[in-house]
Each structure stands twice: as structure tokens, then as C-alpha cells.
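What the coordinates show
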Amino acid sequence: MTTFRCPECGYIFSEKDGDQHEGYPPGTEFSSLPDDFACPDCSVRFKEDFEEV
Amino acid sequence: MKGYTGTLENGEAIYYCDRKRWFWLLSVLYPLQPFLGIWLHAETGNQAWLLLPLALGYVAAPLLDWFLGEDKNNPPEAVVLQLDRDRYYRVLTYIVVPLHFIALIGAAYWAGTQELAWWSFIGLAVVAGIASGLGINTGHELGHKKSRLERSLAKIVLAVPAYGHFWIEHSRGHHRDVATPEDPASARMGESIYKFAMREIPGAFQRAWDIEKERLGRRQKSLWGIDNQILQSLSLTVALQLGLIVAFGWILIPFLVIHNFFAWWQLTSANYVEHYGLLRQKEENGKYERCHPRHSWNSNHVYSNLVLFHLERHSDHHAHPLRRYQSLRHFDDLPTLPNGYFGMYLLAYVPFLWYLAMDKRLLALPHIAGDLDKVNVEPSKRKTLYEKYGQSE
């Protein structure tokens, strides 16, 4: 289980916790997020911009 | 005045005071503008005073921006964290939320209880709508933040202008798609504000609805249930506006229709001037380049920024959407508006004058350098504009 961070705003996507509000249940792998996934907090960084923590 | 200490990269210690600190109270008081006209009407019996806020917005504001000019000062990065954590600034954005409700209720009370001529009735509804349009600005500042309190306040205040979908539409849609032909909230070169409004108002709602539908679908929740954030805000709007109709009579129906339209029109006007013609280029992978400060028109005009929570420092806002209003920066070589928003709105309402003021300014930007291929051009004006500026399509 890995954690990924938005380089713009610091939003954290943890595969362990997912993001309930956005509808990604715990255990969601980052790679399984949609290709056009945008940061839910700032929307100006995308899946490929996220950094592994 | 409160100061902040920090250390520059070269080791030099600095002490910074925010000269605008107390002036941000103007953004809190400005939405109360309907009461100025109501008070003068009550004092003198002359209904024309109800229209005074229109003169403040469309005559005094552009003149004040012109006379007071620009302020290009930035807070030093070394103190920005302290500035962001200073609760005073965010408390101002909390205080203004109930004031938006009070402004609408006060104006509705006056419209429903006074014998007004048709023109002053419409004028008061327009003034109330403009004040509630400022509520979209308040919701904008709050809605970009991460805290649950600020996001909840954003949804609450957006109920006043009946624009609850804005929080989703703006943060999740407009910021993602800004300065692209796909964005209904980015105006194209050669597109009048009236044509833009017909694309922006329904397009923004549709995008917000689609984003929320997708999110609720992932959560396996009903689109028509209490989890729908658009409906949460909209239900508060229905309660508020139905309550006003019940309290002050059927005359409030036309009042609220006019009010809602002019509240939305404030956002349409802001959206129109904020990204006119600007275009993010596509990269080799087919995706748009990331949003940079050059993808928004900026204004450093002092007065209108102080009454709009620094909204006009829009270039930094789009590049860094979570940055708080007191910390937004000016950069050199930005697309720069020649006046504050209120003056630019007036120009936009006369498309001929808008094109005259803006088209050459747009093409002269360093990253465009006269190349229409680097401009977001209105498709129906494409041929005309390419011919006018001597460029082959």
C-alpha cells in the first residue's frame, strides 16, 4: 500500500484509506484511478503529476 | 499593526506588515451596499437613492481604480505561512457569510413593504443581485480551502445567489479545463459577453452536475438524495427564497428572478474578463500544458481588489488555487487588464469597445506574439479574425 501526494497542494491519496468522499474505497490502487484523475483539492495537477511518498 | 518576522534565502532577517490588513474589511462591508440606498431612501423619501449602489459599482469603482492605480507589492515568501495561518483573514470570510443573507433579506423586505415605482423596484432587485453576486466571490474564496468548515460555509453562502453548483463547477471543472476551448467558463477571442453567457451559464451547470453524478456513482449513492452537494445548497436556496415570498408576498417572485439573474451575471462578467482569448497549448502527449499565471488576466488595481478579496490577482490564483487571498502575488509580464473588474465589465457590455481594448492587448502578449494559433478563438469568428490580422488558418 503506497501513498501519493499532489505536488501543488499536498493532497494525499493513500491506497490504504482511499478517498471516501470521492468514492474511492480503502484499498483502491493508485494505478486503478481514471487516467484523467485530477487532484480533488486543487484540480490543477493530474494523475501523472502525483509523487509517491 | 501586527507584523511577521522571517528569514530570506540569503539569511537576512525581515519584518513584514500587511498594509492592506484592515482594508480587507471593505470586502466584508461591500455586500451590504443595498442598505446604503435603502437608508437614503428612508431618510429622504426619494426612491432614486435605491440606485446609488449602481453608481458606486459602475462609475465610482472604475474611477477609483484609475485614480488609486495599482499595487504590485507581494508578501515575502518567508512570511506567507504565517500570513496564511493568521486567523484574522479567514475570520473575515466567515463573517461575510451571514451578511450576504442579511443583505438579501433586507432588500427583499424593502421591496415587499414599500410603495416603489417599477424602475426603483427593478433597480433594487438589480442592486440586491449584484450584492449576492459578491456572495459567489465569497463562496469562491471559501470553497477553495481544504477545511470542512470553509467548504460548508461556501455551500451555504452560494445558496443566496441560487448558485450552489458553483463550488463543484469552479473548483473541479473550471480550474481543470481553464483556458481551453472545452471550458464553458473561459471566453474566446471574438466572443461577445452575451454569446458567452449563453454558453457559460448552462455549460457550467451541466459540468457541475456531470462531475457530481460521477462522484455519487462511484459511491453508489442516489443522484437525487441528500448526498448530492448541488442539491444540498439548492434546497437552502428554495427554503430562503420561498420564505421571502411567503413573508413579503408574490411581488417577491419578479424581485427574486431579477436578483438571481444579476447575481449570476456578476459571475459571468468575471469569468468573461478573467481568461478572454487565453489558451493553454497541447503537449506531445495530447494533454494541455499545466495552468500557468499567463493563462489568466490579472489586475493589481487597489480598490476593486480590496472589495473582492483579491480576486483580481487571478493569475496566481489559477496557478495555485489554494493560496489564500491575502497571500496572492503579482508577477511581471502577466496578461494585465487596463482597469479593475468593474471598469472591465462596462467595456465587456459594449462588445465593440471590448474588442478594441482587448484584442490587440491579447495578441501583444509575449507568449502569443501575434500568433492566433496560440489564442482561444471563437470558431464562428475564426475566418474573420485570421483575415483581419493577416494570418493564414
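Note that residues are indexed from 1 along each chain, following the sequence as it is written. A letter from A marks each chain and a number from 1 marks each ligand, given out in the order of writing. Per-residue local features are limited, in this predicted model, to residues with pLDDT of at least 70; the limit for side-chain atom pairs, both in listing and counting, is 80 or more; totals at the level of whole chains, interfaces and linings are taken over all residues.

**Quick word on the overall build of chain B**
Spelled out, the test is: The way it works is that DSSP assigns letters per residue, a run of H or I at least four long becomes a helix, a run of E at least two long becomes a strand, and they are numbered from the N terminus. Two things to know: the radius of gyration comes from C-alpha atoms, and the globule rule equals 2.2 Å times the number of residues to the power 0.38. Here exposure depends only on C-beta density: within 10 Å of a residue's C-beta, 20 or more other C-beta atoms make it buried, 12 or fewer make it exposed, and intermediate numbers make it partly exposed, the C-beta atoms being placed from the backbone. Once C-beta atoms are placed from the backbone, any two residues with those atoms within 7 Å are in contact.
For chain B, the helix and strand inventory stands at 16 helices and two strands. By the compact-globule yardstick of 21 Å for 393 residues, chain B fits well, its C-alpha radius of gyration being 21 Å. Considering only C-alpha atoms, chain B reaches an extent of 60 × 55 × 55 Å along its principal axes. Evaluated residue by residue, chain B yields a buried proportion of 47% over its 393 residues. Within chain B, contacts between residues at least 6 apart in sequence are counted, and of these 69% link residues at least 24 apart.

**Some words on the overall build of chain A**
If you tally the helices and strands in chain A, you get zero helices and three strands. The N-to-C order of helical and strand elements in chain A reads β-β-β. A compact globule built from 53 residues would reach a C-alpha radius of gyration of about 10 Å, and chain A, at 10 Å, matches this within 12%. In terms of overall dimensions, chain A has a C-alpha envelope of 25 × 20 × 15 Å along the principal axes. Evaluated residue by residue, chain A yields a buried proportion of 21% over its 53 residues. Counting only contacts in chain A whose residues sit at least 6 apart along the sequence, the fraction spanning at least 24 positions is 52%.

**So, helix α14 (residues 341–348) of chain B**
Residue and element names in this part refer to chain B. Burial analysis of α14 places seven of its eight residues in the buried class, the great majority of the element. Residues of α14 that are buried include every one of Y341, F342, G343, M344, Y345, L347 and A348, and no others. Buried residues in α14 make contact with α3 (52–68), α9 (193–218), α11 (252–275), α12 (302–306) and α15 (351–363).

**Things to note about the sheet that holds strand β2 (residues 12–14) of chain A**
Where we set the bar: Two strands pair under a simple rule: DSSP has to find at least two bridges between them.
Within the open sheet, the three strands sit side by side as β2-β1-β3 (chain A). Their pairing is antiparallel. On the outer flanks of this sheet lie β2 and β3 (51–52) of chain A, each paired with one strand and no other.

**Some remarks on the environment of E393(B)**
Residue and element names in this part refer to chain B. Mapping E393 onto the fold places it in the segment after α16 (382–388). As for E393 and D373, which are separated by 20 residues in sequence, their C-alpha atoms are 8.2 Å apart. Setting aside its immediate chain neighbours within four residues, E393 contacts R382 and Y386.

**Observations concerning the pairing of strand β2 (residues 13–17) of chain B**
Residue and element names in this part refer to chain B. For β2, the buried fraction is low: zero of the five residues fall into the buried class. Here five bridges tie strand β1 (residues 3–7) to β2, and the two strands are oriented antiparallel to one another. Its bridge partner lying in β2, Y4 is registered against Y16. What sits between the antiparallel neighbours β1 and β2 is a turn of five residues, in which G11 has the positive phi angle 90 degrees.

**Some words on the interface of chain B and chain A**
Between chain B and chain A, the residue contacts involve 13 residues of the former and ten residues of the latter. Among the secondary structure elements, those contributing two or more residues to the side of chain B that touches chain A are α8 (166–177) and α9 of chain B. Looking at which element gives the most residues to the side of chain B that touches chain A, the answer is α8(B), with four residues.

**Concerning the packing of helix α5 (residues 87–113) of chain B against helix α7 (residues 148–157) of chain B**
Residue and element names in this part refer to chain B. Formally: Lines fitted to C-alpha atoms define the axes here, with helix axes fitted over just the stretch in contact, and angles between the N-to-C directions of these axes take values from 0 to 180 degrees. Reported orientations rely on four angle classes, namely roughly parallel under 35 degrees, roughly antiparallel over 145, roughly perpendicular from 65 to 115, and oblique for the rest. Note: crossing handedness is left-handed where the near helix turns anticlockwise from the far helix by less than a right angle, and right-handed where it turns clockwise. Three residue categories are used. Nonpolar comprises Ala, Val, Leu, Ile, Met, Phe, Trp, Tyr, Cys and Pro, charged comprises Asp, Glu, Lys and Arg, and polar comprises the others, including Gly.
The interhelical angle for the contact between α5 and α7, taken along N-to-C directions, is 20 degrees, at an axis separation of 10 Å. When the axes of α5 and α7 are compared, the pair comes out roughly parallel. As α5 runs across α7, the sense of the crossing is left-handed. Contacts from Y94, V97 and H100 in α5 reach L153, I156 and V157 in α7. Of the residues belonging to the contact of α5 with α7, the class tally is five nonpolar, one polar and no charged.

**Quick notes on the nonpolar core**
Residue and element names in this part refer to chain B. Put simply, the test is: Only buried Ala, Val, Leu, Ile, Met, Phe, Trp, Tyr and Cys residues enter a nonpolar core, and they are joined through C-beta atoms within 7 Å.
Counting 95 residues, the largest nonpolar core has A107, A111, L124, V273 and Y276 as the members making the most contacts within it. No other element matches the eleven residues that helix α6 (residues 118–143) contributes to this core. Ignoring any residue separated from it by four or fewer positions in sequence, one finds Y276 in contact with A187, M189, W297, M358 and L362.

**Description of α5(B)**
Residue and element names in this part refer to chain B. To keep it simple, the criterion reads: How far a helix is expected to stretch is found by multiplying one less than its residue total by 1.5 Å.
Spanning 27 residues, α5 covers 40 Å between terminal C-alpha atoms, matching the ideal 39 Å at 1.5 Å per step. R90, T93, V96, L99, H100, A103, L104, A107, A108, W110 and A111 are the residues of α5 that are buried. Here the buried face of α5 lies against α1 (25–29), α2 (33–44), α6, α7, α10 (229–248) and α11.

**Points about the environment of N46(B)**
Residue and element names in this part refer to chain B. Looking at the secondary structure, you find N46 in the loop between α2 and α3. Judged by the 10 C-beta atoms lying within 10 Å of it, N46 falls in the exposed class. On a C-alpha basis, the gap between N46 and S120 in space is 9.9 Å, while along the polypeptide they are 74 residues apart.

**Remarks on the packing of α8(B) against α9(B)**
Residue and element names in this part refer to chain B. Their axes nearest at 8 Å, the elements α8 and α9 cross at an angle of 80 degrees. As the angle between them shows, α8 and α9 are arranged roughly perpendicular. Within the contact between the two elements, α8 uses I168, E169, R172 and G173 and α9 uses A204, R207, A208, I211 and E212. Partitioned by chemical class, the residues of the contact of α8 with α9 number four nonpolar, one polar and four charged.

**Some points on unusual backbone geometry**
Working note: non-glycine residues mostly have negative phi, and peptide bonds are mostly trans. All names here are of chain B. The phi dihedral of A179 is positive, around 55 degrees, even though this residue is not glycine. The topology assignment puts A179 in the loop between α8 and α9. The exposure class of A179 is buried, given the 24 C-beta atoms found within 10 Å. Backbone geometry at H310 places phi at a positive 65 degrees, although glycine is not the residue there. Take H310: it is sitting in the loop between α12 and α13 (314–319). In this structure H310 comes out as buried when scored by C-beta crowding, with 23 C-beta atoms within 10 Å.

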